[in-house]
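Coordinate analysis (summary)
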Amino acid sequence: SLPFNVDAVNDVLKSLTINDPSSRSPAVSYASEETLERTLRSLKIDLSNDPSMSGILNNAKGAEITVVTPTPISGRIIGVEERTEMSDSGRSVTQQYLSLSTSSGIQVLNLKNINSFSFKDPALNADLTRALDLLLASHDNETRTLNISLPGTASRDVFLSYVIPAPVWKVSYRLDLSQEKPLLQGWAIVDNDSDTDWNEVELSLVTGRPVSFIQNLYTPYHTSRPTLPLEIAGIAQAQSYDSGWGGTGFNSANKVTARDSIMYDAMEMMEESPRASTSAAAPRPSAPVTGGVVETAAGRSTGEQFEFTIKNPVTLARQQSAMLPLIEAPIQAEKYLVFSGARASSNTATNPAVSAAITNTTGMKLPAGPLTVYDNGSYSGDALISFFPENDKRIISWGDDLSVTGSVTSSTSRAITTVTISQGLMTINRRQVYRREYTFNNVSGQQKRLIIEHPITNGTTLNEPAAFDERTTSVYRFTRNLPVGITVFAVAEEMPVYERITLTQLNLNSLVSYASNGEIPARVRDSLQQAVNLRQAIDTARATQTQWESEWTRLISEQNRTRQNLEATGRDTPQGQTYLSRLMAQDNEIDNASKKIEESQAAVKAAQAQYDSYLGTLE
């Protein structure tokens, strides 16, 4: 019998493994979530709803019973009824009466006068006893028991394993930089929150990110089913069809593989071990970390994860926690100051962080955790490390260096690099430069090693300096010696910016502006100036056309006024003859203006054609 917390049953049913070399028919039985209620309802004496004495008797109608009142009376239960009666004080009260069918007729007994009763049917008494036993066993609502049966012959060793929920184990590190070889020490913090004592167990701690979930296997599920009519003529039978894949079927070679762990999660697994337990001594917190005094865990890769197995069996009482030695090994570390350009403000000076670049040379994949740093024999500060693979290099920081300040100023500039014209399209290529100057003031009196973390501007390439020492997805890292006094370090990034312009859509002022822009190469400016001259010729031709169109409109208006005067004075009058002569002269002027309009329209069309042809063939 294996008792489990009710919250762990689903995981046990999902992961239970049995290894028995002799049993061919192992079996696991347990009471399901609905066992108690369904079993109680199935008994002849139903105690599922906490019935009163009247309820028990009323549910046992027809059963033969002996009642002591105190005189014994035997009979079969007809039922229990309630009656409202008046008490001696004049108040109405409800009384319950039991009706029995006896050999002398039906007797009605007040329940309050019954001292005891018993069923004559042994099966009823057995069900009553079983119901009471079930109710007694159900008082422990937090525990469920799995009964494992392993039928077989002879004595042998069997192995059972299962996965149950456990608190995520934690880890804390100490780093001593004062030694010739920096020493890293790690401690695992584990919690036994179960109701079982760990007695000399082998404890393995795993880093990684496995897929884990809860499947509700413990609770019975009842699938709803349709009610179908009888199978008679004219009614089709119910059918179902499996879903299908493509013509080639399912490719069994396509398997899901675990992706690399980039964060830290953990689970605990344990199995009993016959070895004796030993204790490990923790270092004094006020002293630097020293090596050779702690027996640590053994590590090994388990697929995409890494497993630490505590070398000595662990004894830990239920609901207790422990701190166990995990790792102790020399590690590669170099001290630096780290200045973050992303956090620096152009208005205020900030201090670089006291840091170290550490490389995981322990041969183990280290889980994430806090790290306490000791230097020169004393506490220096706290740092954090995320999941730390083998041979990976990380920077940790545990404080600020107040003797060094840094500030940053930013500027942006844009310059034309090339201009091309092809088929009437002018493309201007510009180089946009983002420049940041870092100014440091070192008043410590000694040279220091500095790492500058410069935030990468999206879409740019590094222009100054020519190369970086290291980069991440978000920053360039530049390593420099920081002498005493003031030092300036500049970083420039550039981004190409493209501008495409359709020349035929430009007005004359915009065209003149580009033709006179000193940033544009001379050959392009000369070509644009020619285009300006051709565009000006179009505008001159259009101005001439507009002038003759205005003149033609004026002459038509003047001729209409002359014609009206002629009609008013008559053709035969001296004044009329004058108007008639003037009208004929105006006709000649209008004809001449019309001819000039046609000539100017042709000139505009020719100038436009020459302009379009020039731009269309300009390369």
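Just so we're clear, the structure is a prediction, and the values are computed from it rather than from any experiment. (Residues numbered from 1 in each chain as written. Predicted model: local features only at pLDDT ≥ 70, side-chain atom pairs only at ≥ 80, totals over all residues. Heavy atoms only, no water.)

**A closer look at the overall build of the chain**
- Broken down by element type, the chain carries 7 helices and 30 strands.
- Expressed as a percentage of its 619 residues, the buried residues of the chain come to 34%.
- Taking the contacts inside the chain whose residues are at least 6 apart along the sequence as the reference set, 71% of them involve residues at least 24 apart.
- On the chain, roughly 37200 Å² of surface is accessible, and the fraction owed to carbon and sulfur atoms is 49%. (Helix = DSSP H or I, 4+ residues; strand = E, 2+ residues; numbered from the N terminus. Buried < 20%, exposed > 50% of the residue type's maximum accessible area, 1.4 Å probe, protein only. Contact = heavy atoms within 4.5 Å. Areas by Shrake-Rupley, 256 points an atom, 1.4 Å probe, with all protein chains shown as cover.)

**A closer look at the packing of aromatic side chains**
- A complete count under the given rule lists 9 aromatic pairs for this structure.
- Taking the centre distance of 5.0 Å and the plane angle of 85 degrees together, the rings of Phe-339 and Phe-440 count as edge-to-face. Highlighted residues: Phe-339 in strand β19 (residues 332-340) and Phe-440 in strand β25 (residues 425-442), separated in sequence by 101 residues.
- Residue Phe-339 is classed as buried on the basis of its relative accessible area of 1%. (Phe/Tyr/Trp six-rings, centres within 6.5 Å; stacked < 30°, edge-to-face > 60°.)

**A word on the nonpolar core**
- In this structure, Leu-205, Phe-308, Leu-326, Leu-371 and Ile-396 are the most contacted members of the largest nonpolar core, which totals 34 residues.
- Beyond its immediate stretch of four places on either side in the chain, Leu-371 contacts Tyr-173, Leu-175, Leu-184, Gly-381, Asp-382, Ala-383, Ile-385 and Ile-396.
- In this structure, Leu-511, Ala-515, Val-524 and Leu-615 belong to the second largest nonpolar core, which totals 23 residues. (Core = buried A, V, L, I, M, F, W, Y, C linked by side-chain atoms within 4.5 Å.)

**Section: the pairing of β25**
- One ladder, built from 18 bridges, connects strand β24 (residues 404-422) with β25; its direction is antiparallel. If you follow Ser-413 over to β25, its bridge partner there is Val-433.
- Here β24 folds back onto β25 in antiparallel fashion, the turn holding 2 residues, of which Gln-423 has a positive phi close to 55 degrees.
- As defined by bridge partners, β25 adjoins strand β30 (residues 485-502) across 18 bridges and the pair is classed as antiparallel. From the neighbouring strand, Arg-435 faces β30, where its bridge partner is Ala-492. (Pairing = 2+ DSSP bridges.)

**Looking at the sheet that holds strand β28 (residues 470-471)**
- Ordered by their spatial adjacency, 6 strands build an open sheet running β23-β20-β19-β26-β29-β28, and the pairing between neighbours is mixed. The open sheet is flanked by β23 (393-400) and β28, the only strands paired with a single partner.
- One ladder, built from 2 bridges, connects β28 with strand β29 (residues 475-482); its direction is antiparallel. What sits directly across from Glu-470, in β29, is Arg-477.

**Structural notes on the pattern of salt bridges**
- A full pass over the atoms with the stated rule returns 20 salt bridges.
- With its nearest N and O atoms 2.8 Å apart, the salt bridge here joins Arg-156 to Asp-20. A residue pair is termed long-range when its members are at least 10 positions apart, and Arg-156 in the loop between β9 (143-149) and β10 (159-161) and Asp-20 in the loop between β2 (17-19) and β3 (27-30) qualify at 136 residues.
- Ionic contacts of the salt-bridge type, sharing partners, join the residues Arg-435, Glu-437 and Glu-464 into one network. (Salt bridge = Lys/Arg side-chain N within 4 Å of Asp/Glu carboxyl O.)

**Focus: the environment of Tyr-30**
- Relative to the helices and strands, Tyr-30 resides in strand β3.
- Owing to a relative accessible area of 33%, Tyr-30 belongs among the partly exposed residues under this scheme.
- Separated by 117 residues in sequence, Tyr-30 and Asn-147 place their C-alpha atoms 6.1 Å apart.

**Side note on the sheet that holds strand β1 (residues 2-5)**
- Taking strand neighbours across the sheet as the criterion, the 3 strands line up as β1-β9-β3 in an open arrangement whose pairing is antiparallel. Here the strands that pair on one side only, and so sit at the sheet edges, are β1 and β3. Across this sheet, the average inter-strand angle for adjacent strands is 30 degrees, counted without regard to direction.
- Note: β3 against β9, 4 bridges, orientation antiparallel. Opposite Tyr-30, over in β9, you have Leu-146 as the bridge partner. (Axes fitted to C-alpha atoms, helices over the stretch in contact; angles between N-to-C directions.)

**Section: unusual backbone geometry**
- Residue Pro-70 is reached from Thr-69 by a cis peptide bond, and omega for that bond is 5 degrees.
- Within the element layout of this structure, Pro-70 appears in the loop between β4 (64-68) and β5 (72-86).
- A cis amide bond links Glu-464 with the next residue in sequence, Pro-465, at an omega value of -5 degrees.
- Mapping Pro-465 onto the fold places it in the loop between β27 (461-464) and β28.
- With a phi close to 70 degrees, Ala-154 is a non-glycine residue in the positive phi region.
- Mapped onto the elements of the fold, Ala-154 is located in the loop between β9 and β10.
- Given the relative accessible area of 65%, Ala-154 is considered exposed.
- The backbone of Asn-376 sits at a positive phi, close to 55 degrees, despite the residue not being glycine.
- By the element assignment, Asn-376 lies in the loop between β21 (369-375) and β22 (378-385).

**A short note on the confidence of the model for the chain**
- Of the residues in the chain, 86% reach a pLDDT of 70 or more, and the chain-wide mean stands at 83.
- Here residues 233-286 is a poorly scored stretch, pLDDT under 50, and it has 81 contacts once near neighbours within four places are set aside; other chains count. (pLDDT = per-residue confidence, 0-100.)

**A closer look at the side chain of Gln-545**
- In this structure, Gln-545 sits in helix α6 (residues 522-569).
- Ignoring sequence-local partners within four residues, the contact set of Gln-545 consists of Ser-600, Gln-601 and Val-604.

**Things to note about the packing of helix α5 (residues 508-515) against α6**
- Where α5 meets α6, the axes come as close as 8 Å, and the angle between the chain directions of the two elements is 155 degrees. With respect to their mutual orientation, α5 and α6 come out roughly antiparallel. Crossing of α5 over α6 shows left-handed handedness. Across the interface between the two elements, Leu-508, Leu-511, Val-512, Tyr-514 and Ala-515 of α5 pack against Arg-525, Leu-528, Gln-529, Ala-531, Val-532, Arg-535, Gln-536 and Asp-539 of α6.
- Residue composition of the contact of α5 with α6, by class: 8 nonpolar, 2 polar and 3 charged. (Parallel < 35°, antiparallel > 145°, perpendicular 65-115°, else oblique. Left-handed = near helix turned anticlockwise from the far one by under 90°. Nonpolar A, V, L, I, M, F, W, Y, C, P; charged D, E, K, R; others polar.)

**Considering the packing of α6 against helix α7 (residues 574-617)**
- Between α6 and α7, whose axes approach to 8 Å, the crossing angle comes to 165 degrees. Classified by the angle their axes make, α6 and α7 are roughly antiparallel. As for how α6 packs across α7, the hand of that crossing is left-handed.
- Taken together, the residues that form the contact of α6 with α7 break down as 22 nonpolar, 17 polar and 9 charged.

**Section: the side chain of Thr-562**
- As for its placement among the helices and strands, Thr-562 is situated in helix α6.
- Its relative accessible area of 1% is what places Thr-562 among the buried residues.
- Not counting the four nearest positions on each side in its chain, Thr-562 is found in contact with Tyr-579, Arg-582, Leu-583 and Gln-586.

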